[in-house]
Amino acid sequence: VQLQASGGGLVQAGGSLRLSCATSGRTFSSYAMGWFRQAPGKEREFVATISWSGGSTYYADSVKGRFTISRDNAKNTVYLQMNSLKPEDTAVYYCAAAGSIETMAYAYHYWGQGTLVTVSS
């Protein structure tokens, strides 16, 4: 499974961005998908995850109520809608695929290359 994240950019605080993660392969719908982020000088942290069907989602407390993860299995794509962005959301965002819904990075088998989100104050 190959993953390609896109949609990052520069946005002012309070603004919105939607990240996309396009995947290759016919097995996309069998994977749970997750988004992680890594800010400069910090460890990679969990952001959100969604089950293979889209029926279950889970969010980090820091983004709950502001971010929404979704997926379109027909398009082999997972999304992260980010609203009410804050400067502390600045990071490289990575999408990843796992066998089940997980919050720990080590549980994810496949990773995209990352897309940079910069939120200015």
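Residues numbered from 1 in each chain as written. Predicted model: local features only at pLDDT ≥ 70, side-chain atom pairs only at ≥ 80, totals over all residues. Heavy atoms only, no water.

Applying the stated criterion across every chain yields a total of 1 disulfide. Sulfur-sulfur distance for the disulfide between Cys21 and Cys95 comes to 2.1 Å. Taking the sign of the torsion about the S-S bond as the criterion, the disulfide between Cys21 and Cys95, at about 65 degrees, is right-handed. Within this pair, whereas Cys21 is found in strand S3 (residues 17–23), its partner Cys95 is found in strand S9 (residues 91–98), the two being separated by 74 residues in sequence. We classify Cys21 as buried; its relative accessible area is 0%. (Disulfide = S-S within 2.5 Å. Helix = DSSP H or I, 4+ residues; strand = E, 2+ residues; numbered from the N terminus. Buried < 20%, exposed > 50% of the residue type's maximum accessible area, 1.4 Å probe, protein only.)

As a further point, take unusual backbone geometry. Most peptide bonds take the trans configuration, and most residues that are not glycine carry a negative phi. We note that Asn76 has phi near 55 degrees; this positive angle belongs to a residue other than glycine. The backbone of Ser84 shows a phi angle near 50 degrees, a positive value even though the residue is not glycine. Mapped onto the elements of the fold, Ser84 is located in the loop between strand S8 (77–82) and S9.

When a strand is regular, its side chains alternate between the sheet's two faces. The buried fraction of strand S5 (residues 45–50) amounts to 5 of the 6 residues, a majority that puts the element mostly inside the structure. Of the pairings in the sheet, the one linking strand S4 (residues 32–38) to S5 comprises 5 bridges and is antiparallel in character. The residue bridging Trp35 from the neighbouring strand is Ala48, located in S5. In this structure, the hairpin formed by S4 and S5 is closed by a connection of 6 residues, where Gly41 is found at a positive phi of approximately 75 degrees. Inspection of the sheet shows S5 paired to strand S6 (residues 57–59) by 3 bridges, in the antiparallel sense. Residue Ile50 lies in a different strand from S6, and its bridge partner there is Thr57. (Pairing = 2+ DSSP bridges.)

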